[in-house]
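# Examination of the molecular architecture
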Amino acid sequence: MPEKETLERAQEDKAEGKAPSTQAGEFVREEMDHIREGKHGARSTKQAIAIGLSKARRAGVKLAPPKKGKASSRTRKQAERDLKKGASAKKSGAEKKTSAKRSRATKQALKREGRSAASKSNLSKQAKSAARKRSSSDRSRAAKKAARTKGASRRKRAAKKAAKTRSRGT
């Protein structure tokens, strides 16, 4: 179950008109924090992100499942189930009780995994490899949307940061 603060931040993002992936980012951030705190581990950064996205979908974020060919059919089907569960939980207001045995087994398995999945270097590697897979027009479209939904003060801060990065020559 996601923390109350995470749900509130995601709601805030939705109210500001931000993309579902941005709303889901709050859940991924929470997952990384859990790994860093030592609540559990993850086999890889991808797995940690997947757990966060699954939580987001179950919490009602309308994040579309991956398209055919982008992920395994197993992953896509699970994402579809999560999305359905999130939609039904919002309508009925009551969530189906999770099996205690299954929940405990999952938690124990994750506790045995390492904690390096949430390290800065591994997150950076994952972000770079994900960015490499996107076309320049994709990145451009995302940047334009980000600029539209950022707001004046945040846009100013981002511009200053970009100027500083350019002046360093990196």
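Up top you'll find the structure we're talking about.
Notes on the structure in this doc start here. (Residues numbered from 1 in each chain as written. Predicted model: local features only at pLDDT ≥ 70, side-chain atom pairs only at ≥ 80, totals over all residues. Heavy atoms only, no water.)

### Section: the overall build of the protein
A tally of regular secondary structure across the protein gives 8 helices and 0 strands. Each of the 170 residues in the protein was classed as buried or not, and the buried ones make up 24%. The contacts of the protein with a sequence gap of at least 6 include a subset with a gap of at least 24, amounting to 59%. Total accessible area computed for the protein in this model is approximately 12,500 Å², and 53% of it derives from carbon and sulfur atoms. For the protein, the distance from the average site of its 54 positive side-chain charges to the average site of its 16 negative ones is 7 Å. (Helix = DSSP H or I, 4+ residues; strand = E, 2+ residues; numbered from the N terminus. Buried < 20%, exposed > 50% of the residue type's maximum accessible area, 1.4 Å probe, protein only. Contact = heavy atoms within 4.5 Å. Areas by Shrake-Rupley, 256 points an atom, 1.4 Å probe, with all protein chains shown as cover. Lys, Arg positive; Asp, Glu negative; His and termini not counted. Charge placed at Lys NZ, Arg CZ, Asp CG, Glu CD.)

### Brief notes about a positive patch on the surface
Where like charges cluster on the molecular surface, the positive patch consists of K46, K67, K70, K128, R132 and K133. Looking at where R132 falls in the secondary structure, it is placed in helix α6 (residues 120-132). (Patch = residues over 30% accessible without salt bridge, like charges linked within 9 Å, V, L, I, M, F, W, Y side chains within 5 Å. Salt bridge = Lys/Arg side-chain N within 4 Å of Asp/Glu carboxyl O.)

### Observations concerning the environment of R139
The residue R139 is located in helix α7 (residues 136-150) in this model. For R139, a relative accessible area of 40% gives the class partly exposed. In the structure, R139 is positioned 61 residues away from Q78 in sequence and 27 Å away in space, judged by C-alpha atoms. Not counting residues up to four positions away in its chain, the partners in contact with R139 are A131 and R134.

### Comments concerning the nonpolar core
If you look at the biggest cluster of nonpolar residues, it comprises 7 residues: V28, M32, I35, A42, A48, A117 and A118. Sort the elements by how many residues they give to this core and helix α2 (residues 20-37) lands first, with 3 residues. Counting 6 residues, the second largest nonpolar core, distinct from the first, contains A24, A56, V61 and L63. (Core = buried A, V, L, I, M, F, W, Y, C linked by side-chain atoms within 4.5 Å.)

### Examining the packing of α7 against helix α8 (residues 152-168)
The geometry of α7 relative to α8 is characterised by a closest axis approach of 7 Å and an angle of 130 degrees between their N-to-C directions. Regarding the angle of α7 to α8, the classification is oblique. Between α7 and α8, the residues in contact are A147, R148 and K150 and R154, R155 and A158, respectively. Of the residues in the contact of α7 with α8, the class split is 2 nonpolar, no polar and 4 charged. (Axes fitted to C-alpha atoms, helices over the stretch in contact; angles between N-to-C directions. Parallel < 35°, antiparallel > 145°, perpendicular 65-115°, else oblique. Nonpolar A, V, L, I, M, F, W, Y, C, P; charged D, E, K, R; others polar.)

### Describing the environment of D33
One can find D33 in helix α2. Classification of D33 as partly exposed rests on a relative accessible area of 30%. Measuring from C-alpha to C-alpha, the distance between D33 and A118 comes to 7.9 Å, with 85 residues separating the pair along the chain.

### Notes on the pattern of salt bridges
Evaluated as defined, the whole model comprises 10 salt bridges. Ionic pairing is found between E26 and R9, a salt bridge with its closest N-O pair at 2.7 Å. Taken as a pair, E26 in helix α2 and R9 in helix α1 (residues 4-15) lie far apart in primary sequence, 17 residues in all. Judged by relative accessible area, which is 32%, R9 ranks as partly exposed. Where K18 meets E16, a salt bridge forms, and the shortest distance between an N and an O atom there is 3.3 Å. Beyond isolated ion pairs, a larger network of salt bridges with shared partners links R9, E26 and R29.

### Observations concerning the packing of helix α3 (residues 45-58) against α6
Two numbers describe a pair of packed helices, the interaxial angle and the distance between the axes. Interhelical geometry of α3 versus α6 gives an angle of 80 degrees and a closest axis separation of 10 Å. Between α3 and α6, the interaxial angle falls into the category roughly perpendicular. Contacts between α3 and α6 involve T45, K46 and I49 from the former and N122, L123 and Q126 from the latter. Across the contact of α3 with α6, the residue classes tally to 2 nonpolar, 3 polar and 1 charged.

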